[in-house]
Amino acid sequence: SLSTRHCPWKMNQLPQKSAVASPVSESTNSRVEALDNLSMDSFWLEVENIKQSTEAEQEECSLADVKTQEEGEAEAEWLQDAGLSELLGDPDKDKDNLVLLSTLTRTQAAAVQRRLDTYSRSRRRRNKPPVRDVRDVFGALSSQDTAAEKEESSPDPLWHNLRTSNTQRKTQDYSCTVRNPGKEEVFNMDVAYSEQAAVLLKGSFLSESRKLKDGNALTRFKIPKGRLGVTRIGDLSAQDMKKIPTLALIELTALCDILGFELKRNKAAKLKTTEKRLFGVPLNTLLENDQKLLPNTKVPLLLQALLSCLEKRGLETEGILRVSGSQTRIKSLEQKLEKDFYSGLFCWDEVHQNDVSGLLKRFIRELPAPLLTAEYLPAFAAVQNIPDLKQRLQALNLLILILPESNRNTLKALLEFLSKVVAREKNNKMNLWNVSTVMAPNLFMHKGLPNKIPEGKEKQLAEGAADVVRMMIHYQDLLWTVSSFLVAQVRKLNESNSKRYQFCDKRIKNLLRKIHADKDKVEKNQGEPSKIVKVHASLLLKDSLEVHLNNATRVADVLRQFQKNLCQNGWNIVNTVNLLKCNNSMECTSLLLYEVGGNIGEHCLDPDTYLLDLYHINPHAEWIIKQNPSYPRMF
């Protein structure tokens, strides 16, 4: 097979397999092994195609080389990205940022403390006074404690236990049980992932064989719906979603700490400007230009056009994505698109589908920064080293939440298309593993990150990258979910910010001593088994709807009641064209109920949300019925 050591683009350096990683099952027959080898040949063939398509451009580099950071620099950047720059003494940051500390679980607080300790020690070694003594934030220590002693006697007993357990894990074998392929398991999103890992620390982990290339044999996970329903990415307002990446970064770091993996991040590099308008243009610039033509565009118009063309005429093409188009034609098409795309003069009808798939992969590779971002590409790659499938998915879920909105939306559009390719496997001969091995080099190789691969690690790193892509394709619905524990933390942030606490060191210390367990428990008010509330639909009706809530009332019930009253009582409809009609009746699925205000910005509610429980969680919110934006309007 081909080696990336001879390729001008290098696979982003991935950490070596952790010593705690479990061995995978080798009990596979020769036919499966032959299929595996054939599939990995597709990976190396794609690498060679990338090499040939870029030989004339290998001197170009969109990103600067990644530089080694000084001691403490990574921790300082982490604290800034986690919204805790106030702990570094940043005078430009509002002290209200420290309200974030009041929402942290014990494992999350331990992760923050560990990085504060490291940062403070690095400052002392450089003979610089620490900007804030860690003891003022996380608890008092004896003045005789040295930095080394603090490492051995943390003020937080949980962190001491976790550190001790992780040290022991490096010398012990994992007790792993291979999962039963195709079995359905519960994926708990109510409790912080790091807290779940802490509970499992001394137990056994379920390991799924990496030899399972058939998507139908993969473990199925079900998110149990609690009383407050499930929240998807897109259900929260932009204001609340801005809080999610910092919370997800802290949680991901806490999870990696407990699992014994170092979360490595690259420094963001300055992007070089380009005269092009489509290929090699930063995502944000593309979207800014596209939004001038079509407001609210969330995925680049060029990518939408490429995917639309492939969906119409390429899904049934045998070997689509794997079979390379003509490099000469692809380069010519790129030049024509640069010239004619925005004028609407480019004609897709006569373009060969393999050339379109080549343009799609070229668009992804030519982005000045990787689609998975330069900062977090190493973290995405390192996910393969986590032995437990469920914890790999937990880490991926958090990484996707950390991604910038433009990257996350673009990645989702790509993964949805790849799922459609896999669904036509019988005709196009591209199963889940085939698609994953072909797309992995395009997502994990970037000419701006020319790192070397350790000798003899090529196959392991290639399979690991393909496995991460496989998980993102197969489990994308799960991965694009906002965990209940993160939504609960957003609510607490909003509540605390609304009270405008004036934090001081004493206040922070008291908060951290009383850090709560992070399970989103819904407390039922026994003295108030029912409640009458008003539901508004100002864009549809002049009147509001009075709803009697009890423990069994769900969002879907309110929407059905709203539909029934519209039909039977002849309410004064303000704008009937906003409502879909089917057989002279209103479709309940065309309407959505939103929770607005109180401790949330705006939250599109799951139809299975129990409203009395939600009322107890957020009694000051308004409830508003709106049309589902994904449904066409009837004008």
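The structure displayed is predicted, hence computed values, not measured ones.

Along its length, the protein carries 24 helices and 13 strands. For the protein, with 635 residues in total, the buried portion stands at 53%. Here the contacts in the protein between residues at least 6 apart in sequence split such that 81% fall between residues at least 24 apart. For the protein, the computed accessible surface area is about 29400 Å², with 48% contributed by carbon and sulfur atoms.

Time to look at the nonpolar core. Membership of the largest hydrophobic core comes to 131 residues, with the highest contact counts inside it found for Val112, Leu321, Phe380 and Phe444. With 10 residues, the single largest contributor to this core is helix α9 (residues 244-259). Residues lining this core come from more than one domain, with at least three contributed by each of domain 1 (51-126) and domain 2 (283-484). Core analysis: the next-biggest nonpolar cluster, separate from the first, contains 22 residues, Val555, Leu559, Leu605 and Ala621 among them.

It is worth spelling out the pairing of strand β7 (residues 531-536) at this point. Where β7 meets strand β8 (residues 545-549), 5 bridges bridge the pair, whose relative direction is antiparallel. Within β8, the position partnered with Lys531 by the bridge is Leu549.

All right, on to empty space enclosed by the protein then. Scanning all chains against the criterion turns up 3 cavities of 30 Å³ or more. Estimated volume of the largest cavity: approximately 120 Å³. Those elements that place two or more of their residues in the lining of the largest cavity are α1 (30-54), α12 (327-340) and α13 (353-366). Broken down by element, the residue count for the lining of the largest cavity peaks at 6 residues, all from α13. Of the residues in the lining of the largest cavity, the class split is 3 nonpolar, 8 polar and 4 charged. The computed volume of the second largest cavity comes to approximately 70 Å³. Surrounding the second largest cavity, Asn188, Met189, Asp190, Ile223, Pro224, Gly229, Val230, Thr231, Thr481, Val482 and Ser484 form its lining.

On to helix α2 (residues 73-81), then. Listed in full, the buried residues belonging to α2 are Glu75, Ala76, Trp78 and Leu79. Looking down the long axis of α2, one finds its buried residues gathered within 160° of arc, a one-sided arrangement. Note on α2: the residue one or two positions beyond its end, Gly83, has a positive phi of about 75°.

Following the criterion strictly, the structure yields 20 salt bridges and no others. Linking Glu316 and Arg424 is a salt bridge whose minimum nitrogen-to-oxygen distance equals 3.2 Å. Of the two residues, Glu316 sits in the loop between α11 (301-313) and α12 while Arg424 sits in the loop between α16 (405-423) and α17 (425-428), which places them 108 residues apart along the sequence. What makes Glu316 partly exposed here is its relative accessible area of 42%. Among the residues examined, Arg424 registers a relative accessible area of 33% and is labelled partly exposed.

Moving on, we get to the side chain of Arg365. For Arg365, the location among the structural elements is in helix α13. There is a polar contact of 2.7 Å between the side chain of Arg365 and the side chain of Asn442.

Moving on to unusual backbone geometry. Within the chain, Asn296 stands out as a residue other than glycine whose phi angle is a positive 70°. In this structure, Asn296 sits in the loop between α10 (283-293) and α11. Assessed through its relative accessible area of 68%, Asn296 is described here as exposed.

What follows is about the packing of aromatic side chains. In the structure shown here, the tally under the stated rule is 8 aromatic pairs. Ring geometry for Tyr193 and Phe485: centres 5.2 Å apart, planes at 80°, overall edge-to-face. Pair noted here: Tyr193 is in helix α7 (residues 193-199) and Phe485 is in helix α21 (residues 484-499), with a separation of 292 residues, a long-range link. Using a relative accessible area of 0% as the deciding quantity, one classes Tyr193 as buried. Here Phe279 and Phe363 contribute two aromatic rings whose centre-to-centre distance is 6.2 Å and whose plane-to-plane angle is 80°, an arrangement assigned as edge-to-face. With Phe279 in the loop between α9 and α10 and Phe363 in helix α13, this residue pair connects regions lying 84 residues apart in the sequence. Judged by its relative accessible area of 0%, Phe279 is buried. Cluster of aromatic residues (ring-pair linked, three or more members): Phe187, Tyr193, Phe221, Tyr475 and Phe485. The aromatic ring of Trp78 is capped on one face by Arg115, whose charged end is 5.4 Å from the ring centroid.

Of note, Ser42 is situated in helix α1. Classification of Ser42 as buried rests on a relative accessible area of 10%.

We now examine the confidence of the model for the protein. Averaged over the protein, the pLDDT score is 76; the fraction of residues at 70 or greater is 66%. Mean pLDDT values for the elements of the protein range from 37 in helix α5 (residues 147-152) up to 97 in strand β6 (residues 481-482). Confidence drops under pLDDT 50 across residues 138-177; counting only partners more than four residues distant or on other chains, this segment forms 66 contacts. Confidence drops under a pLDDT of 50 for residues 514-527, and excluding neighbours within four residues, the segment shows 29 contacts in the predicted structure.

Calculation criteria
- Residues numbered from 1 in each chain as written.
- Predicted model: local features only at pLDDT ≥ 70, side-chain atom pairs only at ≥ 80, totals over all residues.
- Heavy atoms only, no water.
- Helix = DSSP H or I, 4+ residues; strand = E, 2+ residues; numbered from the N terminus.
- Buried < 20%, exposed > 50% of the residue type's maximum accessible area, 1.4 Å probe, protein only.
- Contact = heavy atoms within 4.5 Å.
- Areas by Shrake-Rupley, 256 points an atom, 1.4 Å probe, with all protein chains shown as cover.
- Core = buried A, V, L, I, M, F, W, Y, C linked by side-chain atoms within 4.5 Å.
- Domains from an automatic or database assignment.
- Pairing = 2+ DSSP bridges.
- 1 Å grid on protein atoms, 1.4 Å probe; cavity = no way out; pocket = protein on both sides within 12 Å on 5 of 7 lines; lining within 4 Å.
- Points joined across faces, edges and corners; volume = space filled by probe spheres on them.
- Nonpolar A, V, L, I, M, F, W, Y, C, P; charged D, E, K, R; others polar.
- Arc of directions from axis to C-beta.
- Salt bridge = Lys/Arg side-chain N within 4 Å of Asp/Glu carboxyl O.
- Polar contact = N/O pair within 3.5 Å; in protein donor to acceptor, adjacent residues only side chain to side chain.
- Phe/Tyr/Trp six-rings, centres within 6.5 Å; stacked < 30°, edge-to-face > 60°.
- Lys NZ or Arg CZ within 6 Å of the ring centre and 35° of its normal.
- pLDDT = per-residue confidence, 0-100.

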